[in-house]
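Descriptive analysis of the structure
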Amino acid sequence: MAKPASENRRAQRLLFEALQAPEKLPALPPADWELLLRVARRNRLLGRLQSDLEQANLLGQIPPRAAAHLRASHNVIAHRQTLISWEVNRLLWALKGIDVPLILLKGTGYLLAGLPPARGRIFADLDLLVPEDRLGEIEERLVERGWFKTDIDPYDDRYYRVWMHEIPPLRHRERGTEIDIHHRLLPKTSHLKSDPAPLFAAARPLADPRLRVLAPADMVLHALVHLFLEGDPDEGLRLRDLVDVHDLLCHHGQEPGFWAGLALRARELGFQRPLFYGLHHAQRLFGTPIPPEVLRGLADAAPAWPIRGLMDRLIHLALLPEHPDYPSRLAALARWLIYVRAHWLRMPPGLLARHLSRKAWLRFRGFRKRIDLAQLDLKQQ
Amino acid sequence: MLVSPLADRLIWQEWDDIYIVYQPAAAATHVFNETTVLILKCLQQGPLSMEVLRHQTEAALGVSQDELAANDFEFATTRLEELGLVEFVDDPSTAQ
Amino acid sequence: MIVGDLSRRELADRLAGEGLALQFGPFNLRIRSNLGSFASLAHQLYEPYPLPEPAAISDFHVDISAPRGLRRWLRRQACFGIDGQLPFAPYTIEHAFPALEWGINWCVATRAHHLLLLHSAAVERNGRAIVFPASPGDGKSTLCTALIHSGWRLLSDEFGIVRPEDGMLLPIPRLIPLKNQSIEVIRKFRPEAIIGPSFLETRKGTVAHVRPPVESIRRAQEPARPRWLVFPRWVAGAPFTLEAMPKSQAFLSVATNAFNYEVLDEIAFRLVTEMVRSCDAYSLVYSDLDDAVNALDKLSQASDG
């Protein structure tokens, strides 16, 4: 047992030190580079390391093999970012004449607003928040202009429309990027309330006045909601998403009034507990500069002991990176518990049981997410 | 209605009367025939009305006026618009 | 140091322990396996491949092992793993070797985006390379295998790896998986070719691996300049033809068949454009390997003269 534990600690130390002090990376021995590359890849942070080293003008001073992996990751990210920006461009074209505010969420927002988390970050889809009563009009226009509703089975379609906070994704027939259109930040079924009206009122316009991003406090809160409630049972809490939160706090924290308003806004939107956990763990893992009075002011948002101690431990375990050769059962359990908790918060129990059993059944029938590509020619991937 | 160029940078490669055009903003490679390329070239000087654009394209192709079928021409411009290579804008001179 | 310098026992220990470090062209791999049958085959077929310097970084950590737990006793299976993840459904244990070989290609195709990865075979002679872009069922592996046993050097069978800095082809002389009737065709054409065992009923039919000539493996760090693009097609009984191909068509075939043309954006457009500009492009139809080898020899000699 001793080796797996020490190797996991080594993997964690390498990743956190690389994120906090990239200027020390040129001195890293090759064996550490090898492990760092593996851990950073698993945690989707290769691009981040590339960008840190590029900013510090140090890419030429690391082993060429490591630089090659970082270059590969940079190329993929640059490509995805081009595609997302272009999809926004085409979206504006398609919606010409429809006067509706489009709030760009998550990565799309960071990218178009030029915010720090966009750096070295891969974004899969284009995420939009629009007023619920305009959904039909937007969807109809996009379908007219070449997008189609991605093929999903009737259960999923109904699940999306009746219970969720978004509609089934749309995709252009010639391009691969999916557009996820949300009308609130959390499912209607969620235990946390999520009235979207205040978000629209506070949103800030970008260069094109139809495009908005969430106000700074709302953006942080949404990143936290995404981190804690939209996880994945295998990946656990994505460390990458907490890096976003850290970046946003460092960036928006410079803005006067940001810290004073953050906790207030969280209470107004019903997100004080994700904020409590998020600030606590960002500070613990990344040393995020958070004014002590903000943390003190949130003390009453924490759950009571011993739940608080347990959650602290679970969240920490679910966030920590692992050595790829020494997976920990305890961490896997923590990731699963956190996932079930997130679903619990998003859905009432009856629906949760139905949804999870449906998922289990799909898996049984062989509709696993992990598709077997082996029968296809390599090229077709 | 005017057809207006959306002059993001394009990279051209011509082989055997076929044009391979790379559009960096969209990360897309297009394959165009001569007519489509001439439409884009005619627009390099600025926006034109549909009618004028069609006549200029015909002149550049060396065919007589109205020889390009209106349908084909409209299809090509609509396609270019969809690809984000041109834009249809209201003509300010007829806006009143 | 090469794999052949290790005893069978040493190789098996490495595979079962920290992993066997191997160099395949631009990539260093670390391979683990707890299967004895795999170790024997690796010892035989990987024999001339170099081991990287001890301190070198491994690019991919792959694993081909029997799964742990209950399932192991139900059906004998092998799982392909990369960095502790299992991207594919298990294989029957008899197919462990082709599964690993295929898995390594998958790693390169999905991760090595610092390079342009064409889907093509490539061979070299006198510093000039022929690239054979692939299309399914065209028999590029058969032709490529025939050429490398007729005086050409193998650059690669699956990947045309183009270095973005200068458009040079980087060799990756891996084993060549021949399928179905190609295996017999090559056994007859060059009886001296080293071919591993036939794996029956794999997901791609019968597969057997050709070990490239030692010379190709030894020169795996020498890049080559692309000079010809040849699109081969094997047609039973067809008369031999070698015809110039329009450049626009060559461009489209190369670009649409590449593994990561889309990912590399403008870099890829420029590299493929430059390759098509500087290469002569031909389509080749053949039914007899000797015809094809002779014609390509002539092409190369004409260019030497």
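Residues numbered from 1 in each chain as written. Chains lettered and ligands numbered in written order. Predicted model: local features only at pLDDT ≥ 70, side-chain atom pairs only at ≥ 80, totals over all residues. Heavy atoms only, no water.

**Details of the interface of chain B and chain A**
This is how the line gets drawn: Note on definitions: a residue-residue contact is assigned when non-hydrogen atoms from the two residues lie within 4.5 Å. Here the buried area means the combined drop in accessible surface, using a 1.4 Å probe, for two parts upon being joined, counting both sides. In what follows, salt bridge is the name for a side-chain nitrogen of Lys or Arg lying within 4 Å of a carboxyl oxygen of Asp or Glu. Numbering of helices and strands runs from the N terminus; a helix is a DSSP stretch of H or I covering at least four residues, while a strand is a stretch of E covering at least two.
Tallying the contact residues gives 14 residues for chain B and eleven residues for chain A. In total, about 900 Å² of surface goes out of reach between chain B and chain A, with carbon and sulfur atoms giving 45% of it. There are two salt bridges connecting chain B and chain A. Close ionic contact of A:R173 with B:E82 constitutes a salt bridge, the shortest N to O distance being 2.8 Å. The set of elements that each furnish at least two residues to the side of chain B that touches chain A consists of α3 (70-82) and β6 (86-89) of chain B.

**Some remarks on the packing of aromatic side chains**
As a reminder, the rule being used: Pairing of aromatic rings covers Phe, Tyr and Trp, the last through its six-membered ring, and needs centres within 6.5 Å; plane angles under 30 degrees mean stacked, over 60 mean edge-to-face, and all others mean tilted. Throughout, exposure labels follow a simple rule: accessible area from a 1.4 Å probe, protein chains only, divided by the maximum for the residue type, with under 20% read as buried, over 50% as exposed, and the rest as partly exposed. Think of it as a cone above the ring: NZ of Lys or CZ of Arg counts as a charge over the ring if it is within 6 Å of the ring centre and within 35 degrees of the ring normal.
Summed over all chains, the structure comprises 20 aromatic pairs over all chains. Where B:W15 meets C:F251, the ring centres are 5.9 Å apart and the plane angle is 45 degrees; that geometry is what we call tilted. A residue pair is termed interchain when its members come from two chains, as with B:W15 in strand β2 (residues 11-15) and C:F251 in helix α8 (residues 247-257). Here B:W15 and C:F251 have matching classes, each one buried. An aromatic cluster is present here, built from C:F24, C:F38, C:Y46, C:Y49, C:F97 and C:F199 joined pairwise through their rings. Positioned over the ring face of C:F24 is C:R174, at 4.8 Å from the centre of the ring.

**Remarks on the interface of chain C and chain A**
Every contact between the two is made by 45 residues of chain C and, on the other side, 33 residues of chain A. For the pair chain C and chain A, the two sides together bury roughly 3,000 Å², of which 53% comes from carbon and sulfur. Interface area lost by chain C to chain A is led by C:I57, C:D83 and C:H114, which between them contribute 20%. Summed over the shared surface of chain C and chain A, the number is five salt bridges.

**Details of the pairing of strand β3 (residues 60-65) of chain C**
All names here are of chain C. To keep it simple, the criterion reads: A pair of strands counts as paired when DSSP detects no fewer than two bridges linking them.
Burial runs high along β3: five of the six residues are buried. In this sheet, β3 lies alongside strand β2 (residues 27-32) in parallel orientation, the contact comprising four bridges. Note on β3: the bridge partner recorded for R32 is D63. In this structure, β3 lies alongside strand β4 (residues 77-82), joined through four bridges in antiparallel fashion. Residue pairing across strands places S65 opposite C79, the latter belonging to β4.

**Details of α3(B)**
What counts here: Helix span, expected: 1.5 Å multiplied by one less than the number of residues in the helix.
Its 13 residues give α3(B) an end-to-end C-alpha distance of 18 Å, which sits within 8% of 18 Å, the value for a rise of 1.5 Å per residue. What α3(B) keeps buried is the set B:F73, B:A76, B:T77, B:L80, B:E81 and B:E82. Residues of α3(B) that are buried sit in contact with α4 (64-94) and β4 (170-172) of chain A together with β4 (28-32), α1 (34-42), α2 (50-61) and β6 of chain B. Once α3(B) ends, the next one or two residues include B:G84, with phi positive near 75 degrees.

**A short note on the pattern of salt bridges**
With the rule as written, the count across this model stands at 49 salt bridges over all chains. Linking A:R134 and A:E137 is a salt bridge whose minimum nitrogen-to-oxygen distance equals 2.8 Å. The class for A:R134 is partly exposed, based on a relative accessible area of 21%. Each of C:E124, C:R153, C:E215, C:R218, C:R219 and C:E222 takes part in a single network of salt bridges with overlapping partners.

**What about the packing of helix α5 (residues 140-148) of chain C against helix α6 (residues 181-189) of chain C?**
Residues and elements named next belong to chain C. What counts here: Note on method: axes are straight lines fitted to C-alpha atoms, helices fitted across the in-contact stretch only, with angles between N-to-C directions ranging 0 to 180 degrees. Reported orientations rely on four angle classes, namely roughly parallel under 35 degrees, roughly antiparallel over 145, roughly perpendicular from 65 to 115, and oblique for the rest. Rotating anticlockwise by less than a right angle from the far helix to the near helix defines a left-handed crossing, while the corresponding clockwise rotation defines a right-handed one. For this classification, the nonpolar set comprises Ala, Val, Leu, Ile, Met, Phe, Trp, Tyr, Cys and Pro, the charged set comprises Asp, Glu, Lys and Arg, and every other residue, Gly included, is treated as polar.
Following both chains from N to C, one finds α5 and α6 inclined at 15 degrees, their axes separated by 10 Å at the closest point. Viewed along their axes, α5 and α6 adopt a mutual orientation that is roughly parallel. Handedness of the α5/α6 crossing: right-handed. Along its contact with α5, which presents T142, T145 and A146, the element α6 presents S182, V185, I186 and F189. Taken together, the residues of the contact of α5 with α6 break down into four nonpolar, three polar and no charged.

**Focus: the confidence of the model for chain A**
What counts, and what does not: As a per-residue quantity, pLDDT reports the predictor's confidence and falls between 0 and 100.
For chain A, per-residue confidence averages 86 on the pLDDT scale, and 84% of positions sit at 70 or higher. Counting interchain partners and residues more than four positions distant, the pLDDT-below-50 stretch residues 359-381 of chain A has 38 contacts.

**Overview of the nonpolar core**
One recurring pattern in soluble globular proteins: nonpolar side chains tend to sit buried together. We count it as follows: Buried Ala, Val, Leu, Ile, Met, Phe, Trp, Tyr and Cys residues form a nonpolar core when they are joined through side-chain atoms within 4.5 Å.
Of all hydrophobic cores here, the largest spans 110 residues; its most connected members are A:W33, A:L36, A:L102, A:L128, A:L142, A:I181 and A:L262. Non-local contacts of A:L36, meaning those with residues more than four positions away in its chain, are made with A:L14, A:L15, A:A18, A:L25, A:L28 and A:L49. Judged by nonpolar contacts, the second largest core, of 50 residues, contains C:L45, C:F60, C:A109 and C:F259.

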